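Geometric and topological summary
Given next are the chains, with one letter for each unit.
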Number of protein chains: 2
Amino acid sequence: MRIPLERKVLNENDRIAAGLRERFRERGVFCLNLISSPGSGKTSLLERTLEGFDKSRRVAVLTGDIQTDNDARRLARFGFPVRQITTGGACHLDARMVERALADIPDEYRILFLENVGNLVCPTSYDLGEDARAVVLSVTEGEDKPLKYPATFHHADLMVLNKIDLLPYVPFQMELAREYARRVQPDIEIVDVSCTTGEGLDRWRAWLEARL
Amino acid sequence: MRIPLERKVLNENDRIAAGLRERFRERGVFCLNLISSPGSGKTSLLERTLEGFDKSRRVAVLTGDIQTDNDARRLARFGFPVRQITTGGACHLDARMVERALADIPDEYRILFLENVGNLVCPTSYDLGEDARAVVLSVTEGEDKPLKYPATFHHADLMVLNKIDLLPYVPFQMELAREYARRVQPDIEIVDVSCTTGEGLDRWRAWLEARL
């Protein structure tokens, strides 16, 4: 007997994700799913983003990790609602985890960031009801990552090339990284940033504001 | 009806892995499973390692990726048998993939490197019949990774702290990274290396030779 379990699990996820998407649409929420390798700088990007927001902005963050609430603590100090989702072993966020964590946040946010578990593979298969996906690639990881992890880049609306302050010290070819990303997703938008120096963050913010 | 599918899949993997381990033991093979985030430098570490080996060394490499045979091509130029395992979407190597790929390599190797898919989560759950596991962590990823991905570090015999040439440019605290790694695996050995400058590679080679 063969049981199509993966399909069933994903269908269940898709059903919950569709509910979340409908709920976001009704309330005018823009939801962004952030995906990357461990240590590419998703949390740093969110720190810089929250830091730049006026305190009246109605923004919330759910941040996923297998263990620890380090990221939630880093992000909470900007005064916006932040909840850690500790997956306890699971290698990705799923729609049910998001639904549960949202129950704990007042329904006032209009921007919702979902910081996925650091993993360039598995999160891609799980719709979280988001409006857009951003993949963060740091220049220390090598320009071949879009070709080696094509599904993640194929499903992304934006590639954030992070840590460009380290370009003088690593053999990373920006143009090649862009070419590879466009090979798997011709319409992908690309912004180059450094969360350390702040360079390029205006372009990231402009991309975000254009979507609100 | 609840079906313990994960256990069943893992049992099947464990059965094949036990067969591989027995085969390695009989033939006096040392097998090392290399795990890390995407872009931490597993392939670079293997390049430097193969480069330093006398051509008479009986070494072979299997290198896993979701797509592309980039890594196999990088490693093949040193003249040792190298096979790419393209997982076609799977986020980890499993024992059956290793068994199949080995069928394609002459039974002469005494050192076998298994370069896993770049993923700090899923590969941990899959025994490949290896004698030891090494986790590669680059200093650009942040020192908190052992706490955030504890299972991977808990099951590792060695942590290779890579890209130490970039230490002047990133806010990475070596002592803290070591402390976090030892918190999840008190017996973990640690070597600091730069595959770019070659610094510390003697310590990595000494670790390896001590195990042969």
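Keep in mind that what you see is a predicted model, and the values were worked out from it rather than measured.

1. Some points on the interface of chain A and chain B
Each partner contributes residues to the interface: chain A has 31 residues there, and chain B has 31 residues. Considering only the surface of chain A that becomes buried against chain B, Pro38(A), Lys148(A) and Tyr169(A) emerge as the three largest contributors, covering 23% of it. On the surface where chain A and chain B come into contact, there are four salt bridges. As a salt-bridge pair, Lys148(A) and Asp65(B) come within 3.4 Å of each other at their nearest N and O atoms. Counting residues per element, the side of chain A that touches chain B draws most heavily on helix α5 (residues 145-148) of chain A, which supplies three residues. Per-class residue counts for the side of chain A that touches chain B are 15 nonpolar, nine polar and seven charged.

2. Looking at the sheet that holds strand β7 (residues 189-192) of chain B
Residues and elements named next belong to chain B. Taken in spatial order, the seven strands make up an open sheet running β3-β2-β4-β1-β5-β6-β7, and their pairing is parallel. In this open sheet, the two strands that pair with only one neighbour each are β3 (82-86) and β7. Put simply, the sheet's adjacent strands are angled 20 degrees from each other on average, direction ignored. Bridging between strand β1 (residues 30-36) and strand β5 (residues 132-138) involves five bridges; their strand directions are parallel. In the sheet register, Asn 33 faces β5, and the bridge partner there is Arg 133. Set on the sheet, helix α4 (residues 95-102) makes contact with β2 (59-65), β3 and β4 (111-115); between it and β3 the angle comes to about 140 degrees.

3. Thoughts on the side chain of Arg133(A)
All names here are of chain A. Within the secondary structure layout, Arg 133 lies in strand β5 (residues 132-138). On the basis of relative accessible area, Arg 133 is assigned to the buried category, the value being 10%. Separated by 2.6 Å, the side chains of Arg 133 and Glu 130 make a polar contact. Not counting the four nearest positions on each side in its chain, Arg 133 is found in contact with Leu 32, Asn 33, Ile 35, Pro 123, Thr 124, Tyr 126, Asp 127, His 155, Ala 156, Asp 157 and Leu 158.

4. Some points on the relation of the copies chain A and chain B
Superposing chain A onto chain B takes a rotation of 180 degrees plus a shift of 0.0 Å along the axis, which leaves an RMSD of 0.0 Å. The operation mapping one copy onto its partner corresponds to a two-fold rotation axis. Of all interface residues in chain A, 100% are interface residues in chain B too; the two copies therefore contact each other through one and the same surface.

Rules used in this analysis
- Residues numbered from 1 in each chain as written.
- Chains lettered and ligands numbered in written order.
- Predicted model: local features only at pLDDT ≥ 70, side-chain atom pairs only at ≥ 80, totals over all residues.
- Heavy atoms only, no water.
- Contact = heavy atoms within 4.5 Å.
- Buried area = accessible area lost by both parts, 1.4 Å probe.
- Salt bridge = Lys/Arg side-chain N within 4 Å of Asp/Glu carboxyl O.
- Helix = DSSP H or I, 4+ residues; strand = E, 2+ residues; numbered from the N terminus.
- Nonpolar A, V, L, I, M, F, W, Y, C, P; charged D, E, K, R; others polar.
- Pairing = 2+ DSSP bridges.
- Axes fitted to C-alpha atoms, helices over the stretch in contact; angles between N-to-C directions.
- Buried < 20%, exposed > 50% of the residue type's maximum accessible area, 1.4 Å probe, protein only.
- Polar contact = N/O pair within 3.5 Å; in protein donor to acceptor, adjacent residues only side chain to side chain.
- Least-squares fit on C-alpha atoms with pLDDT ≥ 70 in both.

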